[in-house]
Amino acid sequence: MKGKVLIAAGSDSGGGAGIQADIKAVTALGGFAATAITALTAQNTLGVQGVVPVAPDFIRLQMRLVLEDIGADALKTGMLHDAPTIEAVCGEIEALAPGVPLVADPVMVAKGGHRLLEEDAVESLKRRLLPLAAVLTPNLPEAEALAGVEVRDEAGMARAAEALLRLGARAVLLKGGHLPGSRVVDLLATPSGTDRFEDARIETRHTHGTGCTLASAVAAGLAQGMALRDAVARARFYVRAAIAAAPGYGKGHGPLDHGVTIDPERLRLLGG
Ligand SMILES: Nc1ncnc2c1ncn2[C@@H]1O[C@H](COP(=O)(O)OP(=O)(O)OP(=O)(O)O)[C@@H](O)[C@H]1O
Ligand SMILES: Cc1ncc(CO)c(N)n1
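Keep in mind that this is a model prediction, so the values were computed, not measured.

S.K.: Can you help me understand the state of the cysteines in this one?
M.R.: One way to say it: the disulfide is the covalent bond shared by the sulfur atoms of two cysteines. Inspection of every chain in the model, using the stated rule, returns zero disulfides. As a non-bridged cysteine, Cys90 has Cys212 as the owner of its nearest cysteine sulfur, 17 Å distant.

S.K.: Would you mind going over the site of ligand 2 with me for this structure?
M.R.: Close to ligand 2 lie Gly10, Ser11, Ala17, Gly18, Thr41, Gln43, Met79, Val107, Ala110, Leu116, His208 and Cys212, which account for all nearby residues. Within the side chain of Gln43, a nitrogen or oxygen atom sits 2.8 Å from a nitrogen atom of ligand 2. Protein chains shield 92% of the accessible area of ligand 2, which is 290 Å² for the free molecule. Counting atoms within 2 Å of the grid points, the majority share of ligand 2 lands in the largest pocket. Listing elements by their share of the shell around ligand 2, those giving two or more residues are β1 (4-12) and β2 (32-44). By residue class, the composition of the shell around ligand 2 is six nonpolar, six polar and no charged.

S.K.: Explain the pairing of β1 to me, please; I cannot follow it from the model alone.
M.R.: When a strand is regular, its side chains alternate between the sheet's two faces. In terms of burial, β1 is largely enclosed, as eight of its nine residues are buried. Sheet topology places β1 next to β2; nine bridges connect them, and they run parallel. Across the sheet, the residue bridging to Ala8 is Ala36, located in β2. A crossover connection joins β1 to the parallel β2 through helix α1 (residues 18-28); in handedness this β-α-β unit is right-handed. Bridging between β1 and strand β4 (residues 74-77) involves four bridges; their strand directions are parallel. Bridging from a neighbouring strand, Ile7 pairs with Lys76 of β4.

S.K.: I would appreciate a short explanation of the UniProt feature "domain: Pyridoxamine kinase/Phosphomethylpyrimidine kinase" (unreviewed entry) in the chain in the present structure.
M.R.: The sites that carry the UniProt feature "domain: Pyridoxamine kinase/Phosphomethylpyrimidine kinase" (unreviewed entry) are, in the present numbering, residues 12-257. Segment residues 12-257 splits into 40% helix and 20% strand. End C-alpha atoms: 15 Å apart.

S.K.: Help me out: how do you make sense of the site of ligand 1 in this one?
M.R.: Every one of the 18 residues lining ligand 1 counts as a neighbour, but Lys111, Lys175, His178, Asp186 and Gly211 are closest to it. Interatomic distance of 2.2 Å between a side-chain N/O atom of Lys111 and an oxygen atom of ligand 1. A distance of 3.3 Å separates an oxygen atom of ligand 1 from a polar atom in the backbone of Gly177. Its free accessible area being 630 Å², ligand 1 has 92% of it covered by the protein chains. Among the detected pockets, ligand 1 sits in the largest pocket. Among the secondary structure elements, those contributing two or more residues to the shell around ligand 1 are β8 (183-190), α7 (210-223) and α8 (228-244). Counting residues per element, the shell around ligand 1 draws most heavily on α7, which supplies four residues. Here the shell around ligand 1 is composed, by residue class, of six nonpolar, seven polar and five charged.

S.K.: How should the pattern of salt bridges be read in this particular structure?
M.R.: As a working rule, side chains carrying opposite charge can pair if their charged atoms are close by. Applying the stated criterion across every chain yields a total of 15 salt bridges. For Glu198, the salt bridge goes to Arg183, with nearest N and O atoms at 2.7 Å. A residue pair is termed long-range when its members are at least 10 positions apart, and Glu198 in strand β9 (residues 193-200) and Arg183 in strand β8 qualify at 15 residues. Here Glu198 falls in the partly exposed class, since its relative accessible area comes to 32%. By relative accessible area, which is 43% here, Arg183 ends up partly exposed. With a shortest N-O distance of 3.1 Å, Arg229 and Asp195 are connected by a salt bridge. Of this pair, Arg229 sits in helix α8 while Asp195 sits in strand β9, and the two are 34 residues apart along the sequence. With a relative accessible area of 39%, Arg229 lands in the partly exposed category. Judged by its relative accessible area of 25%, Asp195 is partly exposed.

S.K.: Help me understand the side chain of Arg236 in this model?
M.R.: Mapped onto the secondary structure, Arg236 falls in helix α8. Every residue in contact with Arg236, bar those within four places of it in the chain, is listed here: Val184, Asp186, Phe197, Glu198, Asp199 and Leu214.

S.K.: Please clarify how the environment of Arg128 should be interpreted in this entry.
M.R.: The topology assignment puts Arg128 in helix α4 (residues 122-129). At a separation of 2.8 Å, a polar atom in the side chain of Arg128 contacts the side chain of Glu87. Within the structure, the side chain of Arg128 is placed 2.9 Å from the side chain of Glu94, a separation counted as a polar contact.

Conventions used here
Residues numbered from 1 in each chain as written. Chains lettered and ligands numbered in written order. Predicted model: local features only at pLDDT ≥ 70, side-chain atom pairs only at ≥ 80, totals over all residues. Heavy atoms only, no water. Disulfide = S-S within 2.5 Å. Near = heavy atom within 4 Å. Polar contact = N/O pair within 3.5 Å; in protein donor to acceptor, adjacent residues only side chain to side chain. Areas by Shrake-Rupley, 256 points an atom, 1.4 Å probe, with all protein chains shown as cover. 1 Å grid on protein atoms, 1.4 Å probe; cavity = no way out; pocket = protein on both sides within 12 Å on 5 of 7 lines; lining within 4 Å. Sits in = over half its atoms within 2 Å of the grid points. Helix = DSSP H or I, 4+ residues; strand = E, 2+ residues; numbered from the N terminus. Nonpolar A, V, L, I, M, F, W, Y, C, P; charged D, E, K, R; others polar. Buried < 20%, exposed > 50% of the residue type's maximum accessible area, 1.4 Å probe, protein only. Pairing = 2+ DSSP bridges. Right-handed = clockwise from strand over helix to strand, strands pointing away. UniProt positions renumbered as here; feature names shortened; annotations may be inferred. Salt bridge = Lys/Arg side-chain N within 4 Å of Asp/Glu carboxyl O. Contact = heavy atoms within 4.5 Å.

This is the structure we're talking about:
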């Protein structure tokens, strides 16, 4: 069950989020990950200390060489840094991978508060990236910024998801991890209806990279020919297992255990 995923995203030196999380998640679910790195970040579990952008032409070159030779069954975008980066990535997708399903994670701010997308690039994200997305995977603050609405509860999540569908995404997986409470709810909205996924919140501070991991796990499923709903269900199960098995590294929000699928013993931590 291979499935080739081309990921355009930023590097996280701490290994828990960004392109490192993406490669690990796709690999752990049996897919093949290729990458176009959009930026380097120097970060650990406490936060981001520096960002070095990659020149847009070099991002294009990475994408072109992968797509022309290896190809891709699904695409995933993460940190896109600024408007020229968004233009480069969207331009290559339109030219070389039309019709390949895109999981677009509209990364804006890291957990520690550091901006990963320049403020004036939010409009480009709406105009260029959203219409290309087979599924958009915002967290609550990202959904608020893109939809221009405030979200305080599940009804607000549903309204925001619908507003994002109207902006052109073909589906929206709105992640509810940021709403307080002992349950976590994610909504998958499509033009034909909304699916609701609910689980108990795992009490832990080790949630660095959950969003990147979820989006890449969905992309792996789509690349392997799964229907969107099934890809989301598997991706959520994988993220929960990886949170439950988190190794506890670092003084802040630590990484997940992306390798949880390699050792079925560790899946038992979920009680599954
Ligand atoms: N403590 C938790 N227990 C169980 N599931 C969680 C927990 N925190 C997040 N999740 C799940 O992880 C996924 C990512 O959600 P979240 O809202 O945290 O994304 P995010 O803010 O984009 O993450 P990040 O910015 O760290 O990459 C969702 O499916 C969410 O339900
Ligand atoms: C490079 C990168 N992408 C995304 C995130 C969001 O989790 C992060 N912290 N770092």
